[in-house]
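Each chain, written out:
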Amino acid sequence: MMAAMQNLIGQWLTSIKHYQLMCVLLSSPERLPHNPFILLLTGFAYFLIGLFLVDAERSYALVCAQITLELLMLGLITYVGLSLRKSMPRFLQTFSALLGTNVIITAVTIPAYRFSVANGSANESLLIYITIAILVWNLAVLSLIFKRSFDISTHLSAIISFSYFILYQITVFWFLS
């Protein structure tokens, strides 16, 4: 029992290392362990990090709804993309990569966002620059994961990532506003 738990934690730590490497475009989903419990641990970590997104304007229920919507949309894109490529055995690793990189990017952006907001309206342009940089970074990471998982061109993976972003923003605005 203890050895199995140590093995699971070891695989999760390896996954976190690869999530970080994917965030700087140096790894890919096929290097992740094929273990559904890794996905559950990473999802749990994402919802825990969601606690840091709670403020006067957003409740934890709203943050959880946005995370759930994001995961459903990414899961659907992954399912459709891998089904079309007849590569469904890659689903767990691809979805884990998408989830894990979002966890890392969210964990990194929360302090940056809090810092820029704490400095008041004098740094409003700083917040805009930080937001654009994070957006481009996130889209590049998603594009890399789609490219390597679906075996498609960079242009097509960028289109899929950007389309996902636009659809996600419209859906959040429509459902949660």
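1. Regarding the packing of helix H3 (residues 60-84) against helix H5 (residues 124-150)
Here comes step 1: Contact pair H3 / H5: the axes reach a minimum separation of 10 Å and the direction vectors enclose 30°. Considered as vectors, H3 and H5 are oriented roughly parallel to each other. When you trace H3 past H5, the crossing you get is right-handed. Judged by residue contacts, Leu74, Ile77, Thr78, Gly81 and Leu82 of H3 engage Leu142, Phe146, Ser149 and Phe150 from H5.
Here comes step 2: The residue makeup of the contact of H3 with H5, split by class, is 6 nonpolar, 3 polar and no charged.

2. Considerations on the packing of aromatic side chains
Here comes step 1: The full count for this structure, using the stated rule, is 5 aromatic pairs.
Here comes step 2: Each ring, one from Phe162 and one from Phe165, has its centre 6.5 Å from the other, and the planes form 40°; the classification is tilted. On the criterion of helical spacing, the pair formed by Phe162 and Phe165 is a turn pair, its members being 3 residues apart in helix H6 (residues 154-176).

3. Section: the environment of Ser96
Here comes step 1: Secondary-structure assignment places Ser96 in helix H4 (residues 91-118).
Here comes step 2: For Ser96, a relative accessible area of 4% gives the class buried.
Here comes step 3: Ser96 sits 77 residues away from Tyr19 along the chain, and the two C-alpha atoms are 8.8 Å apart.
Here comes step 4: With residues near it in sequence (within four places) discarded, Ser96 still touches Tyr19, Leu32, Ile38 and Leu39.

4. Description of the packing of helix H2 (residues 36-49) against H3
For any two helices packed against each other, the geometry comes down to the angle between their axes and how far apart the axes lie.
Here comes step 1: One can describe the packing of H2 onto H3 by two numbers: an axis separation of 10 Å at closest approach and a directional angle of 145°. The element H2 and its partner H3 pack so that their crossing is right-handed. Contacts between H2 and H3 involve Tyr46, Phe47 and Leu48 from the former and Tyr60, Cys64, Ile67, Thr68, Glu70 and Leu71 from the latter.
Here comes step 2: Of the residues belonging to the contact of H2 with H3, the class tally is 7 nonpolar, 1 polar and 1 charged.

5. What about unusual backbone geometry?
Here comes step 1: The phi angle at Lys86 is positive, at roughly 55°, despite the residue not being glycine.
Here comes step 2: With a phi close to 55°, Asp151 is a non-glycine residue in the positive phi region.
Here comes step 3: Positionally, Asp151 belongs in the loop between H5 and H6.

Rules behind the numbers
- Each chain has its residues counted from 1, following the order in which its sequence is written.
- The predicted origin of the model limits local features to residues at a pLDDT of at least 70 and limits the giving and counting of side-chain atom pairs to 80 or more, whereas totals for whole chains, interfaces and linings rest on all residues.
- By convention in this description, side-chain values take in all heavy atoms of the structure and omit both hydrogens and water.
- Convention adopted: a line fitted to C-alpha atoms gives each axis, helices being fitted over their contacting stretch, and angles between N-to-C directions are expressed from 0 to 180 degrees.
- Every helix listed is a DSSP run of H or I at least four residues long, and every strand listed is a run of E at least two residues long, numbered separately from the N terminus.
- Put simply, angles under 35 degrees are roughly parallel, angles over 145 are roughly antiparallel, angles from 65 to 115 are roughly perpendicular, and the rest are oblique.
- Take the far helix as your reference; a near helix turned counterclockwise from it by less than a right angle gives a left-handed crossing, and one turned clockwise gives a right-handed crossing.
- In what follows, a contact means two residues having at least one pair of non-hydrogen atoms within 4.5 Å.
- By the convention adopted, Pro, Cys, Tyr, Trp, Phe, Met, Ile, Leu, Val and Ala count as nonpolar, Lys, Arg, Asp and Glu as charged, and the other residues, Gly among them, as polar.
- We call Phe, Tyr and Trp rings a pair once their centres come within 6.5 Å, taking the six-membered ring for Trp, and we label the pair stacked below 30 degrees between planes, edge-to-face above 60, and tilted otherwise.
- Relative accessibility decides the category of a residue: with a 1.4 Å probe and only protein chains considered, values under 20% of the type maximum give buried, values over 50% give exposed, and everything between is partly exposed.

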